[in-house]
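Commentary on secondary and tertiary structure
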Amino acid sequence: MTYTFDFWPVLERWPLLLKGTLVTLELTLITTALGILLGSVGAVLRTGGPRPVRAFVAVYVEVIRNTPLLIQAYFLIFGLASAGLRLPILFGAALALTINVAAYTTEIVRAGIESIHRGQTEAAECLGLSRLQVYLHVIIRPALERVYPSLASQYVLLMLFSSIVSAVGVDELFGMANRIQSDTFRNFEVFVVVGAIYLVLSVVVRFGFWLVGQALFPRRRKLGTAL
Amino acid sequence: MNPVFVLSLFDGLLNTVILSLLTYLFGGLVGLAVALGRISPSKPVRLVASTYIQIIQGIPLLVLMGFGFFGPSILGFGNVSALAAATIAMSIYSSAYLGEIWRGCLQAVAKPQWEAAECLGLSRVQRMTRIIIPQAVRIAIPPTVGFMVQIIKNTSVASLVVGYGELTYNAKIINNATFQPFVYFGLAGILYFLVCYPLSELSRMMERRLNVASR
């Protein structure tokens, strides 16, 4: 091995790395909130909506889950641009990521909803809860609680895959990595540093999910396990 | 729609399939080692295997593509082709996920089977190859087929850092020339779907059958 590593030119550009990291976190945060919201709505419609709506959600989920995110992002962002609709690039990227992750979330939450025992909703109806109350407190919340570990893994993946939107020109962490590469030609060092940052970010996202879970699901906190 | 461009998409699809198969082969071999390492009786081996999984699952595939592309020349192997770089990156990436899937399948084989094998005086290797793995394979087939879909989709990332001429890469090039993103990215998406959807369905069908069989 004759290669001499030189990390200094990369580390020296830490403001770029910091900025990229913040954009990645911002994208992840927005997309996670929207993804879980839309995914939960999707799961409810998929299990209890009118027949045409159920079919529509099913098609949406299958199309998204069986095509690559990169193609979806190109299709959406370049497509809308060619139709004369020029979205701010960060907005377009967040839209593409949300459409993608909401499909996976729909599938995960659907599994949670289907695991809720019929007797639970019947009991809630007997107690005189409104339809909305039944959905919110007896179906969606316990369903999310049961599938929470899968959701956390899915959103760690989302954070990692958000690096793909650098391909449409978003200056998130990987986009900044590309810039630093062309400045310094220290390709390998750039990937080592950026890989380490992503590793830390994935721990951060996991920890964030754990914290939110503690606040959202007190029963889980007391029992130490899901129901 | 220009027939030359459509043909070029099919050309890209062929390269996607080639990269996917190579990934399955090498990623599967490393993944098997990772799965066995995760349940090894030796603590250091288990630690190495689980650290490997933690690291790979915490890094984006794009970064691994960078390692696959620039790593070999640093290790003194000279420059590698785009296909070789993509295969290295995809195999490392998939091995961590396959390893974790297969560990679950190995551990899903009922405990008495492990104990009975031990009581019969089989060696560790015999126990794995004759008793446990044949039963684990049946459990592993549905999720393994399902993961094939992930691999095919993930090969699209090889168009970025290493510039391997697979389906997404060709679609991008065509779009740069024609500025018809809805047409060509749409067509590329349909091609991906036509390959991935049957595999997804197959995986689901086999899973249902397995659940019925073991009930």
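Definitions and limits used
- Think of each chain on its own: its residues are numbered from 1, step by step along the sequence as written.
- Lettering for chains starts from A, numbering for ligands starts from 1, and both go in the order in which the items are written.
- In keeping with the predicted nature of the model, local features appear solely for residues at pLDDT of at least 70, side-chain atom pairs appear and are counted solely at 80 or more, and the whole-chain, interface and lining totals rest on all residues.
- With hydrogens and water stripped out, all remaining heavy atoms of the structure feed into the side-chain values.
- It only takes one pair of heavy atoms within 4.5 Å for two residues to be counted as in contact.
- In short, buried area is how much 1.4 Å probe accessible area vanishes from two parts on joining, totalled over both.
- Salt bridge, as used here, is a side-chain nitrogen of Lys or Arg placed within 4 Å of a carboxyl oxygen of Asp or Glu.
- Note: pLDDT gives the predictor's confidence per residue, expressed from 0 to 100.
- Counting from the N terminus, the helices are the DSSP runs of H or I reaching at least four residues and the strands are the DSSP runs of E reaching at least two.
- UniProt positions are given in the numbering used here, feature names are shortened, and annotations may be inferred rather than shown by experiment.
- A helix's residues, less one, multiplied by 1.5 Å, set its expected span.
- Bend, at a single residue, is the angle you get between axes fitted to the 7 residues ending at that residue and the 7 residues starting at it.
- Only protein chains enter the accessibility calculation, which uses a 1.4 Å probe; a residue whose area is less than 20% of its type maximum is buried, one above 50% is exposed, and one in between is partly exposed.
- Angles here are taken between N-to-C directions and fall from 0 to 180 degrees, while the axes themselves are lines fitted to C-alpha atoms, restricted in helices to the stretch in contact.
- Any angle between 65 and 115 degrees counts as roughly perpendicular, while under 35 counts as roughly parallel, over 145 as roughly antiparallel, and the rest as oblique.
- Should the near helix be turned anticlockwise from the far one by less than a right angle, the crossing is left-handed, and should it be turned clockwise, the crossing is right-handed.
- Throughout, the ten residues Ala, Val, Leu, Ile, Met, Phe, Trp, Tyr, Cys and Pro are labelled nonpolar, Asp, Glu, Lys and Arg are labelled charged, and all others, Gly among them, are labelled polar.
- Pairing of aromatic side chains here covers Phe, Tyr and the six-membered ring of Trp, requires ring centres within 6.5 Å, and sorts the geometry by plane angle: under 30 degrees stacked, over 60 edge-to-face, intermediate tilted.
- Among buried residues, those of type Ala, Val, Leu, Ile, Met, Phe, Trp, Tyr and Cys that are joined through side-chain atoms within 4.5 Å constitute a nonpolar core.

**Some details on the interface of chain B and chain A**
Counting residues at the interface gives 39 residues for chain B and 37 residues for chain A. Around 3200 Å² of area is buried between chain B and chain A when both sides are counted, 77% of it from carbon and sulfur atoms. Contact with chain A buries surface across chain B, with Ile74(B), Lys153(B) and Phe182(B) losing the most and accounting together for 20% of the total. In this structure, the connection of chain B to chain A is made through one salt bridge. Residues Arg204(B) and Glu62(A) are paired through a salt bridge, measuring 3.1 Å at the closest nitrogen-oxygen approach.

**Focus: the confidence of the model for chain A**
Taken over all residues, the pLDDT of chain A has a mean of 92, while the share at 70 or more is 96%. Averaged pLDDT values over the elements of chain A bottom out at 70 in helix H10 (residues 218-223) of chain A and peak at 96 in helix H3 (residues 51-65) of chain A.

**Details of the UniProt feature "domain: ABC transmembrane type-1" (unreviewed entry) in chain A**
The UniProt entry lists residues 21-209 of chain A under the feature "domain: ABC transmembrane type-1" (unreviewed entry), expressed in the numbering used here. Helix makes up 84% of residues 21-209 of chain A and strand makes up 0%, while its end C-alpha atoms are separated by 18 Å.

**Remarks on helix H3 (residues 61-74) of chain B**
Compared with the 20 Å implied by 1.5 Å per residue over 14 residues, the 20 Å span of H3(B) between its first and last C-alpha is a close match. Along H3(B), the sharpest kink reaches roughly 25°, centred on Gly68(B) and followed within four residues by the proline Pro72(B). With respect to burial, H3(B) is a largely interior element, eleven of its 14 residues being buried. If you check which residues of H3(B) are buried, you get Leu61(B), Leu62(B), Val63(B), Leu64(B), Met65(B), Gly66(B), Gly68(B), Phe70(B), Gly71(B), Pro72(B) and Ile74(B). For H3(B), the secondary structure elements touched by its buried residues are helix H8 (173-184) and helix H9 (187-216) of chain A together with helix H2 (43-56), helix H4 (82-108) and helix H6 (124-154) of chain B. One or two positions beyond H3(B), positive phi appears at Gly76(B), with a value near 95°.

**Describing the packing of helix H7 (residues 131-161) of chain A against H9(A)**
A pair of packed helices is characterised by two quantities: the angle between their axes and the separation of those axes. Residues and elements named next belong to chain A. Put simply, H7 and H9 touch, their axes get as near as 9 Å, and they point 165° apart. By the angle between their axes, H7 is roughly antiparallel relative to H9. As H7 runs across H9, the sense of the crossing is right-handed. Side by side, H7 and H9 meet where Arg141, Tyr148, Leu151, Ala152, Ser153, Tyr155, Val156, Met159 and Leu160 of the first sit next to Tyr198, Leu201, Ser202, Val205, Arg206, Phe209, Val212, Gly213 and Leu216 of the second. Of the residues assigned to the contact of H7 with H9, the class counts are 13 nonpolar, three polar and two charged.

**A short note on the UniProt feature "transmembrane region" (unreviewed entry) in chain B**
Residues and elements named next belong to chain B. Taken from the UniProt record, the annotation "transmembrane region" (unreviewed entry) applies to residues 12-35, 47-68, 74-93, 131-152 and 182-200. The span residues 47-68 is 82% helical and 0% strand by assignment, and the distance between its end C-alpha atoms comes to 24 Å. For residues 74-93, the end-to-end C-alpha separation is 20 Å, with 65% helix and 0% strand making up the annotated structure.

**Notes on the packing of helix H5 (residues 111-119) of chain B against H6(B)**
Residue and element names in this part refer to chain B. Running from amino to carboxyl end, H5 crosses H6 at an angle of 160°, the nearest separation of the two axes being 10 Å. Considering their axes alone, H5 and H6 lie roughly antiparallel with respect to each other. In this structure, H5 crosses over H6, and the sense of that crossing is right-handed. Where H5 approaches H6, its residues Gln113, Trp114, Ala117 and Glu118 are matched on the opposing element by Arg127, Met128, Ile131, Ile132 and Gln135.

**A look at the UniProt feature "domain: ABC transmembrane type-1" (unreviewed entry) in chain B**
Here the UniProt-annotated "domain: ABC transmembrane type-1" (unreviewed entry) positions come out as residues 13-203 of chain B. Between the end C-alpha atoms of residues 13-203 of chain B there is a gap of 22 Å, over a span that is 82% helix and 0% strand.

**Let's talk about the packing of aromatic side chains**
Given two aromatic rings, one states the distance between the centres and the angle between the planes to describe the pair. Using the criterion set out here, one finds 20 aromatic pairs over all chains in the structure. Between Tyr3(A) and Phe5(A), the ring centres sit 5.2 Å apart and the planes meet at 75°, which makes this aromatic pair edge-to-face. With relative accessibility at 28%, the residue Tyr3(A) sits in the partly exposed group. These aromatic residues form a ring-pair network of at least three members: Tyr3(A), Phe5(A), Phe7(A), Phe174(A), Phe188(A), Phe191(A), Phe67(B), Phe69(B) and Phe70(B).

**Some points on the nonpolar core**
Within the largest apolar cluster, 104 residues are counted, with the highest numbers of intra-cluster contacts made by Val194(A), Tyr198(A) and Met65(B). Tallying contributions element by element places H7(A) first for this core, with 16 residues. Apart from the residues within four sequence positions on either side, Met65(B) is in contact with Ala86(B), Ala89(B), Met90(B), Val157(B), Ala158(B), Val161(B) and Val162(B).

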